[in-house]
Amino acid sequence: MKSCLAMIAQKYDSLSYSERLFADFIMKNREKAVNMPISELSESLKIAQSTIVATTKELGFSGWKEFRICLAAELVNPIESWQQKENEIPEKPYQRVISSNVMMLGEITRSIDFQDLEKASEYIINADKISIFGIGTSNILAHEAFDYFFRLGLPVEVYSDWHYKMLSLSRLTKDSLAIFFSQSGVNKDIISLASKARKTGCGMIGISNYKSTPFSKFMDIHLAPLSALAKNHDNHFALRIPIIAIIEILYYMIAEKMGSRYKTELAMTYDVVNESFV
């Protein structure tokens, strides 16, 4: 089954003004839209029914009816709906991977508060010490963030060993910053670390895929693009993509604030890397 949300993200930039009104409404009101007849949707958006039909066809559907059925399927489990189901016409693996990632990256531009990103970049650049935490596969993302921020010359640390995580946490102060990564936002170990860090008075940034999870309530700033939690997914690789994008966005926002210092740090990195070339 085709993904309505992935097709909107993929084709959004090529849509007309009226078509974007439809697309924006769907992205923000999915559950409501599923139950709306086309006449009610037309009246709500102040656009013609023919425009709605034309937009759904532009997105690759036969009309509003097929679009609404596919949207309803995605609401059951947005992530699961990207997977191929039995008796469906097979999709090439690269098509499934690309369409799911396009959708998730599109969600960042539509749902993340860029003022929160700006605030997070200020927290990071002004911290005396930055400790980064992650558990399991989210620890890979913690190390990815370390790599980005370390290359900027920031006072950053990350550990894989649990004992060293606890030591790092015990040394947090009100001038420190703790950055927590959790792909799901429901892992009890990372939540336990966040709960302990909260008591130190340090600044806290959480980065995950999903909004409004138990993880988010401990954070001063929570950066997450998706509103619905995936209950079924055969791996977590695709779910790293939006978090890596957020890390890179923060990197360039910080770099911009650093001014000439960024060029100095970049030159130092290039010098070291160039020495390793054959």
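Analysis parameters
- Residues numbered from 1 in each chain as written.
- Predicted model: local features only at pLDDT ≥ 70, side-chain atom pairs only at ≥ 80, totals over all residues.
- Heavy atoms only, no water.
- Helix = DSSP H or I, 4+ residues; strand = E, 2+ residues; numbered from the N terminus.
- Buried < 20%, exposed > 50% of the residue type's maximum accessible area, 1.4 Å probe, protein only.
- Pairing = 2+ DSSP bridges.
- Right-handed = clockwise from strand over helix to strand, strands pointing away.
- Expected span 1.5 Å × (residues − 1).
- Arc of directions from axis to C-beta.
- Contact = heavy atoms within 4.5 Å.
- pLDDT = per-residue confidence, 0-100.
- Axes fitted to C-alpha atoms, helices over the stretch in contact; angles between N-to-C directions.
- Parallel < 35°, antiparallel > 145°, perpendicular 65-115°, else oblique.
- Nonpolar A, V, L, I, M, F, W, Y, C, P; charged D, E, K, R; others polar.
- Left-handed = near helix turned anticlockwise from the far one by under 90°.

Comments concerning unusual backbone geometry
A positive phi angle, near 60°, is found at Lys-46, a position not held by glycine. For Lys-46, the position within the fold is in the loop between helix H4 (38–45) and helix H5 (49–58).

A word on the pairing of strand E3 (residues 176–182)
Here E3 lies mainly inside the structure; 7 of its 7 residues are buried. Side-chain alternation along E3 places Ser-176, Ala-178, Phe-180 and Ser-182 on one buried face and Leu-177, Ile-179 and Phe-181 on a second face that is also buried. For strand E1 (residues 129–134) and E3, the ladder comprises 6 bridges, and the chain directions are parallel. Paired with Lys-129 across the bridge in E3 is Ser-176. Crossover connection from E3 via helix H11 (residues 188–198) to parallel strand E4 (residues 203–208): handedness right-handed.

Observations concerning helix H13 (residues 260–275)
Since the α-helix turns once every 3.6 residues, residues separated by three or four places project in the same direction. The end-to-end C-alpha separation of H13 is 23 Å, in line with the 22 Å expected for 16 residues at 1.5 Å each. Among the residues making up H13, those that are buried are Tyr-262, Glu-265 and Thr-269. Buried residues in H13, looked at end-on, bunch into an arc of 70°, giving them a common side. In H13, the exposed residues that point more than 90 degrees away from the buried face are Ser-260, Lys-263 and Glu-275. Tucked into the core, H13 has its buried residues touching helix H12 (241–258).

As for the environment of Asp-116
Within the element layout of this structure, Asp-116 appears in helix H8 (residues 114–126). Those residues within four positions of Asp-116 in sequence are excluded, and the remaining contacts are Ile-221, His-222 and Leu-223.

Notes on the confidence of the model for the protein chain
A low pLDDT means the predicted coordinates there should not be read in detail. In this model, the protein chain carries an average pLDDT of 86, and 88% of its residues clear a pLDDT of 70 or more. Note on residues 76–82: pLDDT under 50 across the span, and 21 contacts to partners over four residues away in sequence or across chains. Under a pLDDT of 50 for its full length, residues 230–234 has, in the predicted model, 12 contacts with residues more than four places off or in other chains.

Focus: the side chain of Asn-209
Relative to the helices and strands, Asn-209 is located in the loop between E4 and strand E5 (221–223). Those residues in contact with Asn-209 that lie beyond four places of it in its chain are Ser-182, Gln-183, Ala-224, Pro-225, Leu-226, Leu-239, Pro-242 and Ile-243.

Let's talk about helix H9 (residues 137–150)
Compared with an ideal rise of 1.5 Å per residue, which puts 14 residues at 20 Å, H9 spans 20 Å between its outermost C-alpha atoms and is within 8% of the ideal. Along H9, the residues classified as buried are Ser-138, Asn-139, Leu-141, Ala-142, Ala-145, Tyr-148 and Phe-149. Tucked inside the fold, the buried residues of H9 contact H8, E1, strand E2 (156–158), helix H10 (162–170), E3 and H12.

Section: the packing of helix H2 (residues 17–28) against H5
Packed helices, taken two at a time, are described by the angle their axes make and the gap between the axes. Viewed as axis vectors pointing N to C, H2 and H5 meet at an angle of 80°, and their least axial separation amounts to 10 Å. The orientation of H2 with respect to H5, classified from their angle, is roughly perpendicular. Here H2 contributes Ser-18, Glu-19 and Phe-22 to the contact with H5, which in turn contributes Thr-51, Ile-52, Thr-55, Thr-56 and Glu-58. Taken together, the residues of the contact of H2 with H5 sort by class into 2 nonpolar, 4 polar and 2 charged.

A closer look at the packing of H10 against H11
Interhelical geometry of H10 versus H11 gives an angle of 25° and a closest axis separation of 10 Å. Of the possible angle classes, the one that applies to H10 and H11 is roughly parallel. Judged by the twist between their axes, the crossing of H10 over H11 is right-handed. Two secondary-structure elements touch here, H10 through Trp-162, Lys-165, Met-166 and Leu-169 and H11 through Asp-189, Leu-193, Lys-196 and Ala-197. Of the residues contributing to the contact of H10 with H11, the split by class is 5 nonpolar, no polar and 3 charged.

Digging into the sheet that holds E3
Here 5 strands make up an open sheet; going across it, the order is E2-E1-E3-E4-E5 and the pairing parallel. Every other strand in the sheet has two partners, leaving E2 and E5 as the edge strands with one partner each. Geometrically, the sheet is characterised by an average inter-axis angle of 20° between neighbouring strands, direction not taken into account. By the bridge criterion, 3 bridges tie E1 to E2 in an arrangement that is parallel. In the strand pairing of E2, Ile-130 is matched with Val-156. Strands E1 and E2 of the sheet are contacted by H10, whose axis makes an angle of about 145° with E1. Along the sheet, H12 makes contact with E3, E4 and E5, crossing E4 at roughly 135°.

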